[in-house]
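Structural overview
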Amino acid sequence: MIAKQETNMKFTISVSALQKQLAIINGVISNNPIVPILENFLFELKEGTLTITASDLQTTMITRLPVAAGADINVAIPAKILTDTLKSLPDQPVTFEIDNETFVVEIHSENGRYKLAGENADDFPRVPNAETNFKMQLPAKILASAITGTLFATSTDELRPAMNGVFFDLREDASNFVSTDGNRLIRYRRTDLKNSQKLGVIIPKKALNLMKSALPNDETPVSIAFNKSNAFFRFADTQVICRLIDERFPDYENAIPANNPNHLTVSRTELLASLKRIVIYANRNTHLVRFKISSDNLFISAEDLDFSNEANENLTCNYEGEEMEIGFNAKFLIEMLSSLESKEVVFELSSPNRAGIILPTEKQEGEDVLMLLMPLMLSSYA
């Protein structure tokens, strides 16, 4: 009895504090992990700080919080059972008791006891070390804006892995964050983020999605480091480590057309609202909407011949250039316009079969957003 007591380690923590930190990293854990140990959170307690790690081998998230404990603890705890248990408990202090020999975990609440089978912490994959000379720092809200402004345009095509993430093109004069799926391209530039050396890396979208949820929308500093195969992000009590996509990103600068003499200026909110109505009547596969542009009028129309559906609207605009008719994917346009905050947007166009550029008329200091959208073929250009 006495010997068993010596093998048991305890710590106490509030349900809400633990649940909050687990919610940040829980998204890392895959439903079908490569190895069974990755179904667990790694709990490491040392000198009153609890470090919790979740990983799928490609992405690792780590969070830290202070706890009351009398000894160091290392154990892997099943993630789903633990999170489901905490969700159903009212906020209160709970005590974790871990048997160092069998790795059995007992959770003691005010009115209950819950026993689950943990695993040896030594079986959990080790976290990579950031052995690199390339480091940078930026405010959390700027990184959050860069992720939010580009992530939606990444590709889901696994045959084009280079497009399955956001390209961090870090230069001495500015930092560019670029995404593309082959039909549209987003370049989010920060002229106030300059680097001592040039670097280009592709960060996978899963890691960025997790960071997007975890990043605070304030000036909290985010430290970033890179080595040949991994990116390391650290902010507040959270750390994200992810493997880089080892592919060559498309030459995005050459994809941006330089000569666009036709300029359409229109209210972003009015156009967005119109597109949300018109797309209901568009072909369900192509989401094609037709823009017929003249000096002060934008005529938007869509039709679905299979169901005899059609709709059109007129919007007031300011247009400089030759009258034009051009087709776009309304679904893509809605996503792009929704990511902007400017009252008006400018479409820079050259011809109905060449990419159009969308620019916000208002910019925050140090921010430069450029969006490119490939047109869809129209049956006729009337």
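Residues numbered from 1 in each chain as written. Predicted model: local features only at pLDDT ≥ 70, side-chain atom pairs only at ≥ 80, totals over all residues. Heavy atoms only, no water.

Looking at the overall build of the protein chain
In terms of helices and strands, the protein chain carries eight helices and 26 strands. The burial tally for the protein chain puts 53% of its 382 residues in the buried class. The long-range share in the protein chain, meaning contacts at least 24 apart out of those at least 6 apart in sequence, stands at 66%. As displayed, the protein chain has an accessible area near 19,000 Å², and 46% of this comes from carbon and sulfur atoms. (Helix = DSSP H or I, 4+ residues; strand = E, 2+ residues; numbered from the N terminus. Buried < 20%, exposed > 50% of the residue type's maximum accessible area, 1.4 Å probe, protein only. Contact = heavy atoms within 4.5 Å. Areas by Shrake-Rupley, 256 points an atom, 1.4 Å probe, with all protein chains shown as cover.)

A short note on the UniProt feature "domain: DNA polymerase III beta sliding clamp C-terminal" (unreviewed entry) in the protein chain
Summarizing the sequence annotation, UniProt attributes the feature "domain: DNA polymerase III beta sliding clamp C-terminal" (unreviewed entry) to residues 255–371 in the numbering used throughout. For the annotated span residues 255–371, helix accounts for 18% and strand for 45% of the residues, and the straight-line distance between the end C-alpha atoms is 11 Å. (UniProt positions renumbered as here; feature names shortened; annotations may be inferred.)

Points about the UniProt feature "domain: DNA polymerase III beta sliding clamp central" (unreviewed entry) in the protein chain
Here the UniProt-annotated "domain: DNA polymerase III beta sliding clamp central" (unreviewed entry) positions come out as residues 137–251. Segment residues 137–251 splits into 18% helix and 40% strand. End C-alpha atoms: 26 Å apart.

Comments concerning the sheet that holds strand S23 (residues 324–329)
Taken together, four strands build an open sheet; the order of strands is S21-S20-S19-S23 and the sheet is antiparallel. Two strands close off the open sheet at either side, each with one partner strand: strand S21 (309–316) and S23. The sheet shows a mean angle of 20 degrees between the axes of neighbouring strands, direction not considered. The pairing of strand S19 (residues 288–293) with S23 spans six bridges and is antiparallel. Directly across from Ile293, in S23, lies its bridge partner Met324. Across the sheet, helix H7 (residues 268–278) lies against S19, strand S20 (297–304) and S21, angled at about 170 degrees from S21, the strand it touches most. The strands touched by helix H8 (residues 330–338) are S19 and S23; relative to S23, the strand with the most contacts, the crossing angle is about 80 degrees. (Pairing = 2+ DSSP bridges. Axes fitted to C-alpha atoms, helices over the stretch in contact; angles between N-to-C directions.)

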